[in-house]
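Here are the chains, one letter per residue:
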Amino acid sequence: MTRDTPGTHTGEIWILGATGRIGRAVAARLAARGADIVLIGRSHESLRQVAAAAGRPGANLVATDSVEHMAAEIASRRPGLVVNALGGYAETAVGIARACMPGGHYVDLAADLVAIPRLFGLHRQAADVGSTLITGAGFGVLATEAVVVKLCEGRPTPDQVRADALASVATEAGTMGTAFAATVVDAITSGGRRIENGQMVKTRLGSNVETHALPDGQTAKSAGAPSGELLAVQRASNAPNVAVTSGLAPTSMLVRAALPLFAALLSMPPVRRVAVRQMAKAPIKAAPRPRTHSWGHVVATWPDGSQTEGWLRTDDGMDYTADVITETALRLADGHAPYGAYTPAAAFGPDLAIAAGGAFLLDR
């Protein structure tokens, strides 16, 4: 393994997409913990407002909406760490991560089955040049994979694992935005996924509906969705059979019945473009989170047929995501990570979930 020449990277942490909800929250958290942050976004005025709110009115700002320009600036100015909160990770992650190398580190909050495998594809390159790339640094991936790691400690490989990401999130007033609209459309057109006998197979989006009795006495529904938790859970458990569900997936019988028609229509490029454009402008009303806690839930079935269950409890799922990115970024900045490409618990262990404010409830 080769290491980057000492001193060739700055101690700065660059936050891409700093004016978005997660970007603003991470900027404030990192600033409060003494990090040297640089804010990148589309509007210089909006970036100034974020810097002031974070208590860093003199922070360096880079105003651009070009991912190519961001990558060029990263390669030229060589920050020690880049936090990618841009969204659209299937298009943005690989180019930005490559710009961080050699020697620089990278973290994003991707949660889809396109972006995460693409970043894993950079594992050997990153390891060879002394860089660490963390993908999936958010509620869904960490809240499920961390529970899997805890349940599997000292146990044989499970035969089957089911994981459920049950986020409870307060919504901010605004619009859906292009990145989130594109994620929704892509989820509808790609359908669900699961792993059977070691192979990923396609399922219907919204299948495998379940109502969960939560440890705090509340309930939540979830259904199958094409989420990055599937890969994280499989890698953490090595189980040949893995299913994941999300509390964000459609559980209404009427909606699920209409999904195949929507998928067929949205698969046509002109229709997809119009749908994303219109959905991006859709207004969103402010609302409190629907439940007291967010939960990561895992049931592992062992070769002898026995089952073990575990939960990770957090507060608001978006706030927890910001805390996960912050903890991950600080550990990367301190050089406390193996080189290569990883999900959060794979790089730092399940205790990262506790450091970010979660609590395990395990049946062991």
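Residues numbered from 1 in each chain as written. Predicted model: local features only at pLDDT ≥ 70, side-chain atom pairs only at ≥ 80, totals over all residues. Heavy atoms only, no water.

## Some words on the overall build of the protein chain
Our working rule: To qualify as a helix, a DSSP run of H or I must reach at least 4 residues; to qualify as a strand, a run of E must reach at least 2; elements of each kind are numbered from the N terminus. Burial classification: accessible surface area is computed with a 1.4 Å probe over protein chains only, and a residue below 20% of its type maximum counts as buried, one above 50% as exposed, and the rest as partly exposed. Contacts are assigned to residue pairs that have any heavy atoms within 4.5 Å of one another. Residue-level accessible areas treat just the shown protein chains as cover; the underlying method is Shrake-Rupley with a 1.4 Å probe.
When its secondary structure is counted, the protein chain shows 14 helices and 18 strands. Expressed as lengths along the three principal axes of its C-alpha atoms, the size of the protein chain is roughly 55 × 50 × 35 Å. Burial statistics for the protein chain: of 364 residues in total, 49% are counted as buried. Within the protein chain, contacts between residues at least 6 apart in sequence are counted, and of these 73% link residues at least 24 apart. When the accessible surface of the protein chain is split by element, carbon and sulfur atoms take 53% of a total near 15,700 Å².

## Focus: the environment of Ala275
Its location among the elements puts Ala275 in helix α11 (residues 269-280). Residue Ala275 is classed as buried on the basis of its relative accessible area, which comes to 15%. Distance in space between the C-alpha atoms of Ala275 and Val185 is 7.8 Å, their sequence separation being 90 residues. In this structure, Ala275 is in contact with Val185 and Leu266, ignoring residues within four places of it in sequence.

## A closer look at helix α9 (residues 229-237)
Listing the buried residues of α9 in full gives Glu229, Leu230, Leu231, Ala232, Val233 and Ser237. Count one or two residues on from α9 and you reach Asn238, which has phi positive near 60 degrees.

## Quick look at the pattern of salt bridges
Applicable threshold: In what follows, salt bridge is the name for a side-chain nitrogen of Lys or Arg lying within 4 Å of a carboxyl oxygen of Asp or Glu.
Tallied over the full model, the rule gives 10 salt bridges. Close ionic contact of Arg21 with Glu172 constitutes a salt bridge, the shortest N to O distance being 3.9 Å. Of this pair, Arg21 sits in helix α1 (residues 21-32) while Glu172 sits in the loop between β7 (160-166) and β8 (174-175), and the two are 151 residues apart along the sequence. In this structure, the salt-bridge partner of Arg33 is Glu327, at a minimum N-O distance of 2.6 Å. One end of the pair, Arg33, is in the loop between α1 and β2 (37-41); the other, Glu327, is in helix α12 (residues 317-333), with 294 residues separating them in the sequence. Judged by its relative accessible area of 47%, Arg33 is partly exposed. Here Glu327 falls in the buried class, since its relative accessible area comes to 12%.

## Description of the packing of aromatic side chains
Our working rule: Pairing of aromatic side chains here covers Phe, Tyr and the six-membered ring of Trp, requires ring centres within 6.5 Å, and sorts the geometry by plane angle: under 30 degrees stacked, over 60 edge-to-face, intermediate tilted.
By the definition in use, this model includes 2 aromatic pairs. Between Trp295 and Trp311, the aromatic rings sit 5.6 Å apart at their centres with planes inclined by 80 degrees, giving edge-to-face as the arrangement. A residue pair is termed long-range when its members are at least 10 positions apart, and Trp295 in strand β15 (residues 294-301) and Trp311 in strand β16 (residues 307-314) qualify at 16 residues. With a relative accessible area of 1%, Trp295 lands in the buried category.

## Quick word on the side chain of His212
Mapped onto the elements of the fold, His212 is located in strand β11 (residues 210-213). Residue His212 is classed as buried on the basis of its relative accessible area of 3%. Among all residues touching His212, those that are not within four sequence positions of it are Arg162, Asp164, Leu166, Gln218, Thr219, Ala220, Lys221, Ser222, Thr245 and His297.

## Digging into the packing of helix α3 (residues 67-77) against helix α4 (residues 89-100)
So the rule is basically this: Helix axes use the C-alpha atoms of the stretch in contact, all axes being lines fitted to C-alpha atoms, and the angles between their N-to-C directions lie in the range 0 to 180 degrees. Any angle that falls under 35 degrees is termed roughly parallel, while one over 145 is termed roughly antiparallel, one within 65 to 115 roughly perpendicular, and all others oblique. Crossing handedness: left-handed means the near helix sits turned counterclockwise from the far one by under a right angle, and right-handed means the same turn made clockwise. Note on residue classes: Ala, Val, Leu, Ile, Met, Phe, Trp, Tyr, Cys and Pro are nonpolar, Asp, Glu, Lys and Arg are charged, and everything else, Gly too, is polar.
Taken N-terminus to C-terminus, the directions of α3 and α4 make an angle of 15 degrees; their axes are 8 Å apart at the nearest point. Considered as vectors, α3 and α4 are oriented roughly parallel to each other. Viewed along their axes, α3 and α4 form a crossing whose handedness is right-handed. Counted together, Val67, Met70, Ala71, Ile74 and Ala75 of α3 and Thr92, Gly95, Ile96, Ala99 and Cys100 of α4 form the full contact between these two elements. A breakdown of the residues in the contact of α3 with α4 according to their chemical character gives 8 nonpolar, 2 polar and no charged.

## Examining α1
Heads up, the condition is: In this analysis, the expected span of each helix is defined as 1.5 Å times one less than the number of residues it contains.
With 12 residues, α1 extends 17 Å from end C-alpha to end C-alpha; this agrees with the ideal 16 Å at 1.5 Å per step. Buried within α1 are the following residues: Ile22, Gly23, Ala25, Val26, Ala27, Leu30 and Ala31. Contacts from the buried residues of α1 go to β1 (13-16), β2, α2 (44-53) and α12. Gly34, located one to two residues past α1, shows a positive phi value of around 85 degrees.

## Considerations on the confidence of the model for the protein chain
The line we're drawing: Every residue is assigned a pLDDT by the predictor, reflecting its confidence on a scale from 0 to 100.
The predicted model of the protein chain has a mean per-residue pLDDT of 92, with 98% of residues at 70 or higher. Here residues 1-7 is a poorly scored stretch, pLDDT under 50, and it has 13 contacts once near neighbours within four places are set aside; other chains count.

## Some thoughts on a nonpolar patch on the surface
The following threshold applies: What goes into a patch is any residue over 30% in relative accessible area without a salt bridge, connected to like charges within 9 Å or, for nonpolar side chains (Val, Leu, Ile, Met, Phe, Trp, Tyr), within 5 Å.
Nonpolar side chains collect at one region of the surface, where Leu261, Phe262, Leu265, Met268 and Val271 lie side by side and expose about 430 Å² of accessible area between them. The greatest single-element share of the nonpolar patch, amounting to 3 residues, is contributed by helix α10 (residues 253-266). In this structure, Phe262 sits in helix α10. Assessed through its relative accessible area of 42%, Phe262 is described here as partly exposed.

## Observations regarding the pairing of strand β12 (residues 219-224)
Sheet faces and side chains relate simply in a regular strand, where the side chains alternate between the two faces. Just so we agree on the cut-off: Strands pair, by our definition, only if DSSP identifies at least two bridges between them.
Pairing of β11 with β12 involves 4 bridges; the strand directions are antiparallel. Bridging from a neighbouring strand, Thr211 pairs with Lys221 of β12. If you look at the hairpin formed by β11 and β12, you'll find 5 residues sitting between the two strands, and Gly217 has a positive phi there, around 95 degrees. Sheet topology places β12 next to strand β13 (residues 241-246); 2 bridges connect them, and they run antiparallel. Opposite Gly224, over in β13, you have Thr245 as the bridge partner.

## Some thoughts on the packing of α1 against α12
At a minimum axis separation of 9 Å, α1 and α12 run at an interaxial angle of 50 degrees. Between α1 and α12, the crossing angle belongs to the class labelled oblique. Considering how the two elements wind past one another, α1 and α12 form a crossing that is right-handed. Together, Arg21, Ile22, Ala25, Val26, Arg29 and Leu30 of α1 and Met318, Asp319, Thr321, Ala322, Asp323, Ile325, Thr326, Ala329 and Leu330 of α12 make up the contact between the two elements. Split by residue class, the contact of α1 with α12 holds 9 nonpolar, 2 polar and 4 charged.

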